[in-house]
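Per-entry structural report
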Amino acid sequence: MSRPPLPPFNAETAAEKARKAEDAWNSRDPEKVSLAYTEESEWRNRAEFVKGRPQIVSFLTRKWARELDYRLIKEVWTWNENRIAVRFAYEWRDDSGHWFRSYGNENWEFDEAGLMRRRVASINDLPIAETERKFHWPLGRRPDDHPGLTELGL
């Protein structure tokens, strides 16, 4: 199975890869998202270590059951050969109606077929008031005309 764009990356293909990842995560479909990773993909997400697609699906299922109304924006920070570093922010609320904006960085490493074999994520959560939200699109893919992180001053 191949997941273009394939390494080695350039500015255009790294941005395309990041947008495809953003779109997949905004679908909040754990099975669909897991297909972008190798069968043995290794993650560090905060203090949790995940290995393989079944654990990815389990992790994402738990995540999106807890992080309601999830909306994510990713932006390429840098790239080289088969690696991409992105920064991101996402907004979500808990089941009590409290809103958060989570900020972070991810380092990605891909195999030759364009599947991610390693993902290292560092994330911080900031409580926000609902009036401070900046991500206002219907659940799902971020519209092309919605500002990105830089345009939003994040």
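Predicted model, so just to flag it, every value in this text is computed and none were measured. (Residues numbered from 1 in each chain as written. Predicted model: local features only at pLDDT ≥ 70, side-chain atom pairs only at ≥ 80, totals over all residues. Heavy atoms only, no water.)

Attention now goes to unusual backbone geometry. The step from Pro-4 to Pro-5 runs through a cis peptide bond, and the omega angle for that step is 0°. Within the secondary structure layout, Pro-5 lies in the segment before helix 1 (11–27). For the peptide bond that leads from Pro-7 to Pro-8, omega is 5°, which places it in the cis range. If you trace the backbone, Pro-8 turns up in the segment before helix 1. Non-glycine residue Arg-28 carries a positive phi angle of around 55°. Within the fold, Arg-28 resides in the loop between helix 1 and helix 2 (30–34). Judged by relative accessible area, Arg-28 falls into the partly exposed class, the value being 30%. Positive phi, close to 55°, is recorded for Asp-69, a residue that is not glycine. Position of Asp-69 among the secondary structure elements: in strand 3 (residues 68–80). Overall, the relative accessible area of 24% leaves Asp-69 in the partly exposed class. (Helix = DSSP H or I, 4+ residues; strand = E, 2+ residues; numbered from the N terminus. Buried < 20%, exposed > 50% of the residue type's maximum accessible area, 1.4 Å probe, protein only.)

All told, the structure shown has eleven aromatic pairs when counted by the stated rule. Between Trp-25 and Trp-64, the aromatic rings sit 5.7 Å apart at their centres with planes inclined by 85°, giving edge-to-face as the arrangement. Linking Trp-25 in helix 1 with Trp-64 in helix 3 (residues 53–66), this pair joins segments that are 39 residues apart in sequence. For the ring pair Phe-88 and Tyr-90, a centre distance of 6.1 Å and an interplane angle of 10° mean the geometry is stacked. With respect to burial, Phe-88 and Tyr-90 carry one shared label: buried. In textbook terms, an aromatic cluster arises when at least three aromatic residues are bridged by ring pairs, as seen for Trp-25, Tyr-37, Trp-43, Phe-59, Trp-64, Tyr-70, Phe-88 and Tyr-90. Against the face of Trp-25 rests Lys-74, its NZ or CZ located 5.4 Å from the ring centre. The positively charged end of Arg-133 is found above the aromatic ring belonging to Trp-99, 4.0 Å away from the centroid. (Phe/Tyr/Trp six-rings, centres within 6.5 Å; stacked < 30°, edge-to-face > 60°. Lys NZ or Arg CZ within 6 Å of the ring centre and 35° of its normal.)

Looking now at helix 3. Counted at 1.5 Å a residue, the expected span for helix 3 with its 14 residues is 20 Å, and the 20 Å between its end C-alpha atoms agrees. Residues of helix 3 that are buried make contact with helix 1, helix 2, strand 1 (37–45), strand 2 (48–51), strand 3 and strand 4 (83–93). (Expected span 1.5 Å × (residues − 1). Contact = heavy atoms within 4.5 Å.)

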